[in-house]
Amino acid sequence: MVTSHVLTWEVTGSQGYETSWIELRGTTLQARGRAVGTRPEVYWISYELDTDEDFVTRELHVRAATAHGSHELRLLHDGAGRWTADGKRLPEMDGALDCDLGLCPLTNTMPVLRHGLHLAPGERTFLMAWVSVPDLTVHASRQTYTHLGRTDTGALVRFASGDFRSDVEFDAEGLVIDYPGVAHRMSASAAARPE
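Right, let's walk through the structure included here.

Rules of the game
Residues numbered from 1 in each chain as written. Predicted model: local features only at pLDDT ≥ 70, side-chain atom pairs only at ≥ 80, totals over all residues. Heavy atoms only, no water. Helix = DSSP H or I, 4+ residues; strand = E, 2+ residues; numbered from the N terminus. Rg over C-alpha atoms; globule rule 2.2 N^0.38 Å. Buried < 20%, exposed > 50% of the residue type's maximum accessible area, 1.4 Å probe, protein only. Contact = heavy atoms within 4.5 Å. Areas by Shrake-Rupley, 256 points an atom, 1.4 Å probe, with all protein chains shown as cover. Lys, Arg positive; Asp, Glu negative; His and termini not counted. Charge placed at Lys NZ, Arg CZ, Asp CG, Glu CD. Phe/Tyr/Trp six-rings, centres within 6.5 Å; stacked < 30°, edge-to-face > 60°. Salt bridge = Lys/Arg side-chain N within 4 Å of Asp/Glu carboxyl O.

1. As for the overall build of the protein
And step 1. Scanning the protein from terminus to terminus reveals 1 helix and 15 strands.
And step 2. Over its C-alpha trace the protein gives a radius of gyration of 16 Å, about what one expects of a compact globule, namely 16 Å for 195 residues.
And step 3. A total of 195 residues make up the protein; the buried ones form 51% of that total.
And step 4. Once local pairs closer than 6 in sequence are excluded, the contacts in the protein between residues at least 24 apart make up 43%.
And step 5. Here the protein has roughly 8,900 Å² of accessible surface; of this, 52% comes from carbon and sulfur atoms.
And step 6. Each charge class in the protein can be summarised by its mean position, and for the 18 positive and 27 negative side chains these summaries are 2 Å apart.

And the structure:
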């Protein structure tokens, strides 16, 4: 079964908006998205995200434009725990399975789905390849996700990284509804089709 979603979030963290076109097929995710923000400066980004099985990031391609010009990033994971950014090796990311695009609620989905944290109790800490927006620099980021409980629409999962923490509401398919301090879903549509 393939499930397609179109989700739009108000991104309070950037004082902007994001729309993502998402396709879930088994344990893979493919998405493309567009976002506009006004903080820390006016910018727009577009991205394509592709995962392998178990929602492990294969590639994130991001383009950004600001008043200072435009630039892009191609972040690749080789499936064996090694990462490159525009062809340059990133040894500090060794072992990471996921990317995390700054201020993008979609990229919180992969670790939650992989470990079923929207379905059952558990806590997991991950090393993430975190991409800062709008400069598109890549940093190693330790993040912890803790299942807090089920809700009528899905689950509440606590996200923690450094001093920051937020109790994020996910729907039944592991997609962000509300990420306090970062984003809140404004609209959603979904369609399913057999493979």
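Once you've had a look at it, read on.
2. Thoughts on the environment of G174
And step 1. Positionally, G174 belongs in the loop between β13 (164-171) and β14 (176-179).
And step 2. Residue classification places G174 among the buried positions, given a relative accessible area of 0%.
And step 3. Distance from G174 to T109, taken between C-alpha atoms, is 5.8 Å for residues 65 residues apart in sequence.
And step 4. Setting aside anything within four residues of it in sequence, one finds G174 in contact with T109, L113 and H118.

3. Here we look at the packing of aromatic side chains
And step 1. Evaluated as defined, the whole model comprises 5 aromatic pairs.
And step 2. Ring centres 5.6 Å apart and planes at 70° place the aromatic pair F126 and Y145 in the edge-to-face group. Of this pair, F126 sits in strand β10 (residues 123-131) while Y145 is found in strand β11 (residues 138-150), placing the two residues 19 residues apart along the sequence. Note on accessibility: F126 and Y145 belong to one class, buried.
And step 3. These aromatic residues form a ring-pair network of at least three members: F126, Y145, F159, F164 and Y179.

4. Side note on the pattern of salt bridges
And step 1. Scanning the model with the defined rule gives 11 salt bridges in all.
And step 2. For R185, the salt bridge goes to D171, with nearest N and O atoms at 3.0 Å. Of this pair, R185 sits in strand β15 (residues 183-193) while D171 sits in strand β13, placing them 14 residues apart in sequence. Each member of the pair, R185 as well as D171, is classed as buried.
And step 3. Several salt bridges share partner residues, and in doing so they unite E23, R25 and R193 into one network.

5. Quick notes on unusual backbone geometry
And step 1. The amide bond that connects R39 to the next residue, P40, takes the cis arrangement and shows omega of 10°.
And step 2. Mapping P40 onto the fold places it in the loop between β3 (28-37) and β4 (43-51).
And step 3. For the bond from V133 to P134, the omega torsion is 10°, close enough to zero to count as cis.
And step 4. Tracing the backbone shows P134 in the loop between β10 and β11.
And step 5. Positive phi outside glycine occurs at F55, with the angle close to 60°.
And step 6. Along the chain, F55 turns up in the loop between β4 and β5 (57-66).
And step 7. A residue is classified by how much of its surface remains accessible, and F55, at 7% relative accessible area, is buried.

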